[in-house]
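Chain by chain, the residues run as shown.
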Amino acid sequence: MKSQILNRQNKLLNNEPIDLLSYFQQPLSARQKHYEAVRAVVVDQQSAETVAQRFGYTTTTVYSLVRDAKAGKLELFPSVSRGPQGPRTDPQIQQQMIAYRRQGLSCTEIAWRLADDGIQISARTVERLLKAAGFKKLPRRTNKALGRSVSNTLIAEPARPLNIATLAPFRVDCPVAGVFFFIPYIVESGLLEIVSQCQFPTSSRIGATQASLSILLLKLIGGKRLSHISHYDQEPGLGLFADLNRLPKATYMSTYSCGCRETQVLEFQAQLMRRFVQTYPEFYSSEFINLDFHSIPHYGDESAMEKIWCGARGKTMKAANTVFAQDSQSNAILYTRADILRSEESQEVKKFVRYWRSLHGDPIETLVFDCKFTTYKILDELTAAQVKFITLRKRHASLLSATAALPQKDWQTVMLPIPKRKYTRLSVYEQPVKLTDCTHTFRQIIIKDHGRSTPTFVITNNDNVSLTQILEVYAKRWHIEQKLAELVAFFNLNALSSPLMIRIHFDILWTLIADTLYHRFAQDLRRFEHARAPQLFKKFVDMPGKVVYNGDTFLIKIRKRAHTPILKEVEKLQTPFQVPWLNDKSMEIIWTA
């Protein structure tokens, strides 16, 4: 037979075979020894001396045990205390569980609700208590019925336009309340009038205006992809920006451009830039325009994209080849295209000339681009069309040898007035040159002592620009590379929206619009006129707040921050402004303590 006995060495209870006779005659526990000693005296009529010797007690101790047993002070068989027999959960909490179940919530959902109230109870405990209260298990429900996706995220309420006439007063939180600062500038730009003229796609619930504002909103807050709008689909405050109860779902946003035609997108860009040139002439007043290609990497296997050089990855890979044009003075983007084949790259400069002349007419500004942008033959055609340019000539061995043979006395020193430039004293040599396949003669400016191991050869057909200005203008061509880096870093230009070029062009156009609005916003921020979008977003836009509707006016309440005094100097934000797509309701920015 086995039983639990006390191990003398480690004080633990072990199951070991025992000798029952020894177990009763030589008890180990104190309470058992007390029982056997008193029984021997009372039942077996043994003397106190014999019992004391048998159990290792003194005679006095034996008499004391017998005396305490008679007085009822010696508890030889104590009663074992038992825990509570009913549920230990507070009755009020149990009633709260029952109320949640009557709302149709599952045990897991009830546990989540209680956890939100600071009550930590497992779903299994909730299930047991509800069963004791007479509730059966809920029938199995689909994810749609539960209001949750397969990834266990809440399914947003379907987006629909707000009915301002019947809209009840409300008060909601908004994670990026600063985005409402752009509404006066959107109205000023006439953007939505162009959207309506271009007849962009609509759905049974969401119009072109709401869809366009939703796309623009995601661009203004630096969203990586249109599909990432799902991060904000539970925010009614942001939905108000687009005249919606909620922002559209990711599927709708990421596929919206599928309903656009290429002619629509091109017409949208032409009308948009025509309006921007009229509204913001200071952004497009420079005498020089920078041009550059940008490759957007694509990682899909099944696509019709060509392999081109991707500077972002430092290798040749499938990518979308795009072109950008930038005002050299304001750094604003004024043109973009996405559907460019490698065989057509050299023709892009001519396409831009036709596009820009359709907006500006003649004369066209001087174009600035690098040596790989086009061919010598195209340069000759540009000269014949009276289009000025500044570019580089490709170096080769014979050209370098001829340059090395030039006498030092024929070189002149030119100072470049560019702050923080390491090499400002350059040695230059100017001469006329006729390039291969060209009938016209160009100005060739050779530059050395500029921090490079080999001379640089600048080619231009502009005879009205001084030597120093030519060098300064081309030295600042890196502004377009900085702008492209900004578009990649903040507007996530390299997050390819689709392998279809029309969709890529559509997405880039909204990036251009958001960038222009940031440019315009910066002009009203004292001492931040030349700040870039990431800095403006961090200091002036990325701030939480509350959106309040009192039945007549929308109030955007934002707590004061370090840069609030600068925002208070923006005239457009100091008085209530009308929002046309919200039934011309008034909106006001209020700063709280």
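Further up the page is the structure itself.
What counts and how
- Residues numbered from 1 in each chain as written.
- Predicted model: local features only at pLDDT ≥ 70, side-chain atom pairs only at ≥ 80, totals over all residues.
- Heavy atoms only, no water.
- Salt bridge = Lys/Arg side-chain N within 4 Å of Asp/Glu carboxyl O.
- Helix = DSSP H or I, 4+ residues; strand = E, 2+ residues; numbered from the N terminus.
- Buried < 20%, exposed > 50% of the residue type's maximum accessible area, 1.4 Å probe, protein only.
- Polar contact = N/O pair within 3.5 Å; in protein donor to acceptor, adjacent residues only side chain to side chain.
- Contact = heavy atoms within 4.5 Å.
- Pairing = 2+ DSSP bridges.
- Axes fitted to C-alpha atoms, helices over the stretch in contact; angles between N-to-C directions.
- Phe/Tyr/Trp six-rings, centres within 6.5 Å; stacked < 30°, edge-to-face > 60°.
- Patch = residues over 30% accessible without salt bridge, like charges linked within 9 Å, V, L, I, M, F, W, Y side chains within 5 Å.
- Areas by Shrake-Rupley, 256 points an atom, 1.4 Å probe, with all protein chains shown as cover.

**Describing the pattern of salt bridges**
Phase 1: Applying the stated rule across the entire model yields 21 salt bridges.
Phase 2: For R337, the salt bridge identified is with E348, shortest N-O distance 3.2 Å. In this pair, R337 is assigned in strand β7 (residues 333-337) and E348 in helix α15 (residues 348-360), connecting sequence segments 11 residues apart. Here the two residues R337 and E348 agree in accessibility, since each one is buried.
Phase 3: Between E381 and K350 there is a salt bridge whose closest N-O contact spans 2.7 Å.

**Some details on the side chain of S189**
Phase 1: Structurally, S189 can be placed in helix α9 (residues 183-189).
Phase 2: The buried category is assigned to S189, whose relative accessible area is 1%.
Phase 3: For S189, the side chain forms a polar contact with the main-chain oxygen of I186, separated by 2.8 Å.
Phase 4: Here L191 takes part through its backbone nitrogen, which lies 3.3 Å from a polar atom of the side chain of S189.
Phase 5: Contacts of S189, omitting those with residues within four sequence positions, involve R275, F276, T279 and Y280.

**Looking at the sheet that holds strand β3 (residues 170-174)**
Phase 1: Spatially, β3-β14-β15-β17-β16 is the arrangement adopted by the five strands of the open sheet, whose pairing is mixed. Of all strands in the sheet, those with a lone pairing partner are β3 and β16 (577-579), marking the two edges. Pairwise comparison of adjacent strand axes, ignoring direction, gives a mean angle of 30° for this sheet.
Phase 2: Sheet topology places strand β15 (residues 553-559) next to strand β17 (residues 585-592); seven bridges connect them, and they run parallel. By the bridge assignment, R559 is partnered in β17 with T592.

**Looking at the packing of aromatic side chains**
Phase 1: Taken as a whole, this structure holds 32 aromatic pairs when the rule is applied.
Phase 2: Ring centres 6.4 Å apart and planes at 35° place the aromatic pair F181 and F521 in the tilted group. Pair noted here: F181 is in the loop between β3 and α9 and F521 is in helix α20 (residues 501-523), with a separation of 340 residues, a long-range link.
Phase 3: With relative accessibility at 0%, the residue F181 sits in the buried group.
Phase 4: Their ring planes at 65° and their centres at 4.9 Å tell us that F182 and Y518 sit as a pair that is edge-to-face. Remark: Y518 occurs in helix α20 and F182 occurs in the loop between β3 and α9; sequence separation between them is 336 residues.

**Overview of the environment of D44**
Phase 1: Structurally, D44 is set in the loop between α2 (30-42) and α3 (48-55).
Phase 2: On the basis of relative accessible area, D44 is assigned to the partly exposed category, the value being 39%.
Phase 3: Sequence separation of D44 and N245 is 201 residues, and the distance between their C-alpha atoms is 92 Å.

**Some words on a nonpolar patch on the surface**
Phase 1: Taken together, the side chains of L20, Y23 and F24 present a nonpolar region at the surface, about 270 Å² in accessible area.
Phase 2: By the element assignment, L20 lies in helix α1 (residues 20-25).

**What about the environment of L238?**
Phase 1: Residue placement: L238 occurs in helix α12 (residues 236-241).
Phase 2: Residue L238 is classed as buried on the basis of its relative accessible area, which comes to 0%.
Phase 3: Considering only alpha carbons, one finds L238 and L218, 20 residues apart in sequence, at a separation of 9.9 Å.
Phase 4: Apart from the residues within four sequence positions on either side, L238 is in contact with C174, P175, V176, V179, L217, Y232 and L247.

**Comments concerning unusual backbone geometry**
Phase 1: Non-glycine residue Q199 carries a positive phi angle of around 55°.
Phase 2: Structurally, Q199 can be placed in the loop between α10 (191-198) and α11 (208-220).
Phase 3: By relative accessible area, Q199 is classed as exposed at 63%.
Phase 4: Backbone geometry places D584, a non-glycine residue, at a positive phi of 60°.
Phase 5: Position of D584 among the secondary structure elements: in the loop between β16 and β17.

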